[in-house]
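Residues per chain are reported as follows:
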Amino acid sequence: MSLAKQVRMAMSIFRCGRDKVWLDPTKFSVIKEARTNEQLRLLIQDGIVLRKTGFGHQMTKLSTSQVYRWNFIKGKPKTFESTIATKSVKRALEAAKQKSQQASAQTSEQTPVVADMRE
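Report on the accompanying structure.

Cut-offs used in this document
- Residues numbered from 1 in each chain as written.
- Predicted model: local features only at pLDDT ≥ 70, side-chain atom pairs only at ≥ 80, totals over all residues.
- Heavy atoms only, no water.
- Helix = DSSP H or I, 4+ residues; strand = E, 2+ residues; numbered from the N terminus.
- Polar contact = N/O pair within 3.5 Å; in protein donor to acceptor, adjacent residues only side chain to side chain.
- Axes fitted to C-alpha atoms, helices over the stretch in contact; angles between N-to-C directions.
- Parallel < 35°, antiparallel > 145°, perpendicular 65-115°, else oblique.
- Contact = heavy atoms within 4.5 Å.
- Nonpolar A, V, L, I, M, F, W, Y, C, P; charged D, E, K, R; others polar.
- Core = buried A, V, L, I, M, F, W, Y, C linked by side-chain atoms within 4.5 Å.
- Buried < 20%, exposed > 50% of the residue type's maximum accessible area, 1.4 Å probe, protein only.

On the secondary structure map, Ser 100 appears in helix H5 (residues 80-110). At 2.8 Å, the side chain of Ser 100 forms a polar contact with the backbone oxygen of Lys 97.

Structure below.
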């Protein structure tokens, strides 16, 4: 008899894929008797059915440049945080531009106009 039903129930309990479910090979006869989720949960508590540990693709461990590259290459929609960041950068650049324009206007007003000495 196959253990496909028990594996499927363990997948739903663990909320993972088939490759992450481990069944104890010495206890297959005990696992075959489990027909319900409650019985399978008891086997999980006993350590007969386990979820394998491992790491998948985690976007949180990538640097910001890697995340930007990933989003740009894959064509994924921009996140709310990235749009807020670009808006704040644009605002800062606009403020700096206005400030430099005001400073240049003030310096042009303060410089004396030199009369043409050719006369």
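Next comes the rest of the description.
Quick look at the packing of helix H1 (residues 4-14) against helix H3 (residues 37-46) now. At their nearest, the axes of H1 and H3 sit 10 Å apart, and the two run at 75° to each other. Accordingly, the angle class assigned to the pair H1 and H3 is roughly perpendicular. Residue-level contacts link Gln 6, Met 9, Ala 10, Ile 13 and Phe 14 of H1 to Asn 37, Leu 40, Arg 41 and Ile 44 of H3. Here the residues of the contact of H1 with H3 are counted per class, giving six nonpolar, two polar and one charged.

Side chains of nonpolar character tend, in soluble globular proteins, to be buried together. By size, the foremost hydrophobic cluster in this structure holds 14 residues, and its most contacted members are Val 21, Leu 23, Ile 31, Leu 40, Leu 43 and Val 49. Mapped onto this core, the elements with two or more residues apiece are H1, strand S1 (21-23) and H3. Of the residues forming this core, the biggest block, four residues, is contributed by H1. When sequence neighbours within four positions are dropped, the list of residues in contact with Val 49 reads Ala 10, Phe 14, Val 21, Trp 22, Leu 23, Ile 31, Leu 40, Leu 43 and Ile 44.

With that out of the way, let us pick up the environment of Val 7. Mapping Val 7 onto the fold places it in helix H1. A relative accessible area of 15% places Val 7 in the buried class. With eleven residues separating them in the primary sequence, Val 7 and Arg 18 have C-alpha atoms 7.1 Å apart. Discounting chain neighbours no more than four positions away, the residues touching Val 7 are Arg 18 and Leu 23.

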